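In case you want the letters, here they are:
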Amino acid sequence: MARITASVYTSHVPAIGAALDLGKTQEPYWQPVFAGYDFSKQWMKANKPDVIFLVFNDHATAFSLDMIPTFAIGTAAEFQPADEGWGPRPVPKVMGHPDLASHIAQSVIQQDFDLTIVNKMDVDHGLTVPLSLMCGQPQAWPCPVIPFAVNVVQYPVPSGQRCYNLGKAIRKAVEAYDEDLNVQIWGTGGMSHQLQGPRAGLINQAFDNAFLDQLVSDPDAAARIPHIDYVREAGSEGIELVMWLIARGAMADVAGGKPPRVAHRFYHVPASNTAVGHLILENV
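Rules used in this analysis
- Residues numbered from 1 in each chain as written.
- Predicted model: local features only at pLDDT ≥ 70, side-chain atom pairs only at ≥ 80, totals over all residues.
- Heavy atoms only, no water.
- Helix = DSSP H or I, 4+ residues; strand = E, 2+ residues; numbered from the N terminus.
- Rg over C-alpha atoms; globule rule 2.2 N^0.38 Å.
- Buried < 20%, exposed > 50% of the residue type's maximum accessible area, 1.4 Å probe, protein only.
- Contact = heavy atoms within 4.5 Å.
- Areas by Shrake-Rupley, 256 points an atom, 1.4 Å probe, with all protein chains shown as cover.
- Lys, Arg positive; Asp, Glu negative; His and termini not counted.
- Charge placed at Lys NZ, Arg CZ, Asp CG, Glu CD.
- Pairing = 2+ DSSP bridges.
- Axes fitted to C-alpha atoms, helices over the stretch in contact; angles between N-to-C directions.
- Parallel < 35°, antiparallel > 145°, perpendicular 65-115°, else oblique.
- Nonpolar A, V, L, I, M, F, W, Y, C, P; charged D, E, K, R; others polar.
- Patch = residues over 30% accessible without salt bridge, like charges linked within 9 Å, V, L, I, M, F, W, Y side chains within 5 Å.
- Salt bridge = Lys/Arg side-chain N within 4 Å of Asp/Glu carboxyl O.
- Phe/Tyr/Trp six-rings, centres within 6.5 Å; stacked < 30°, edge-to-face > 60°.
- Expected span 1.5 Å × (residues − 1).
- Polar contact = N/O pair within 3.5 Å; in protein donor to acceptor, adjacent residues only side chain to side chain.

Caption draft 1: View of the overall build of the protein. For the protein, the count of helices and strands is 10 helices and 10 strands. Scaling as 2.2 N^0.38, a compact globule of 284 residues should have a C-alpha radius of gyration of about 19 Å, and the protein matches this with 17 Å. Within the protein, the proportion of its 284 residues that are buried is 56%. Considering only contacts in the protein between residues 6 or more positions apart, those separated by 24 or more positions represent 80%. Of the roughly 11700 Å² of accessible surface on the protein, 52% is carried by carbon and sulfur atoms. Counting 19 positive and 28 negative side-chain charges, the protein places the averaged centre of each group 5 Å from the other.

Caption draft 2: Spotlight on the pairing of strand β2 (residues 51–56). Among the 6 residues that make up β2, 6 are buried, leaving the element largely enclosed by the rest of the structure. Along β2, one buried face is formed by Val51, Phe53 and Val55 and the opposite face, lined by Ile52, Leu54 and Phe56, is buried too. The pairing of β2 with strand β7 (residues 145–150) spans 5 bridges and is classified as parallel. Opposite Val55, over in β7, you have Phe148 as the bridge partner.

Caption draft 3: Up close: the sheet that holds strand β8 (residues 182–188). As summarised here, the arrangement of the 8 strands in space is β6-β3-β7-β2-β8-β1-β10-β9, forming an open sheet in which the pairing is mixed. Where the open sheet ends on each side, the last strands, each with one partner, are β6 (116–118) and β9 (261–268). Going from strand to strand, the sheet's axes swing by 15 degrees on average, the running direction of each strand aside.

Caption draft 4: Here's a closer look at the packing of helix α3 (residues 38–46) against helix α5 (residues 125–135). Interaxial distance between α3 and α5 falls to 7 Å at its minimum, and their mutual angle equals 85 degrees. By the criterion of interaxial angle, the relationship of α3 to α5 is roughly perpendicular. Where α3 abuts α5, its residues Ser40, Lys41, Trp43 and Met44 lie against Leu133, Met134 and Cys135. Tallied by class, residues from the contact of α3 with α5 come to 5 nonpolar, 1 polar and 1 charged.

Caption draft 5: Focus on a negative patch on the surface. Together, Asp50, Asp99, Asp178 and Glu179 make up a negatively charged patch on the protein surface. Note that Asp99 resides in helix α4 (residues 98–110).

Caption draft 6: Highlighting the packing of aromatic side chains. Per the counting criterion, the structure on display carries 10 aromatic pairs. Ring plane angle 70 degrees and centroid distance 5.9 Å describe the contact between Tyr37 and Phe266, whose orientation is recorded as edge-to-face. Here Tyr37 is found in the loop between α2 (31–35) and α3, whereas its partner Phe266 is found in strand β9, with 229 residues between them in sequence. Neither Tyr37 nor Phe266 differs from the other in exposure class; each is buried. Ring centres of Phe211 and Trp244 lie 6.3 Å apart, and the angle between their planes is 70 degrees; this geometry places the pair in the edge-to-face category. With Phe211 in helix α7 (residues 205–217) and Trp244 in helix α10 (residues 242–249), this pair connects stretches of sequence that are 33 residues apart. Trp244 matches Phe211 in its accessibility class, with the two residues each being buried.

Caption draft 7: Spatial organisation of α7. Taking 1.5 Å of rise per residue, the 13 residues of α7 would be expected to cover 18 Å, and the 18 Å separating its terminal C-alpha atoms lies within 8% of that figure. Buried residues in α7 make contact with β1 (3–10), α8 (219–223), α9 (227–234), α10, β9 and β10 (276–282). Taking the backbone nitrogen of Ala206 as reference, a side-chain oxygen 3.3 Å away marks Asn204 as the first, capping residue of α7.

Caption draft 8: Structural view of unusual backbone geometry. For the bond from Tyr155 to Pro156, the omega torsion is 5 degrees, close enough to zero to count as cis. Relative to the helices and strands, Pro156 resides in the loop between β7 and α6 (160–175). That bond from Val269 to Pro270 is cis: its omega, -10 degrees, falls within 30 degrees of zero. Although it is not a glycine, Ala60 adopts a positive phi angle of roughly 65 degrees. Along the chain, Ala60 turns up in the loop between β2 and β3 (71–74). We classify Ala60 as exposed; its relative accessible area is 61%. Although it is not a glycine, Asp112 sits at a positive phi angle of roughly 75 degrees. Looking at the secondary structure, you find Asp112 in the loop between α4 and β6. The exposed category is assigned to Asp112, whose relative accessible area is 62%.

The structure is reproduced here in structure tokens:
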């Protein structure tokens, strides 16, 4: 059967992609950010999956306020980098895995989670920046990717508990697939940041690190965090952290409550007025 072996969590700040694309990674401002992913790129080479299930949010490229799916799974054979107003990023197109994506959609919908099935969409920095951080700048991404878009832009957005439970349903779906595949699930977005209003530039390091602690050792508590706490403590865009709970829910905590192994943890402030968080967890 297929299996989820690890989960990756990372911010997907668009300016990180620009710094990569423009060759600014060694500039004093950016060097500490990218240094936090040196281990991750080596880990990725040593633990290359067959498929990545990548949870992200669209930034008004594939979807708009005309149509806002809460959860959308990409089932296409390929996905082009989106033009977000200044041309698409110079990165490879994303190859999908239609068979596994369709299987997951069938299984998760039968587990009473309503998904929007997307057979054509472009993918923006929410998906391509994490791939760049973990994989560098290759001619082709190392494996197929299943894009999974979550609405965290327009309220109402799904609760952390809903996302955490969805991750468990995704794990069940993957384990029911009858091909021997090594699957990683990635949760992206966050951490604390606010892009507008009187609190623009808000960063809450205490909240961010407490969330990382809970994500590792007490995800049930993290899943119970209400929306208002994310907004109050982590800024209006801090709600993106619910996407990390999908990836965490897909991990298989062993008997006795022993959490997955922490392969890497990194936190840095700031990167374009945003806190950058990063975690790699491996199933025991």
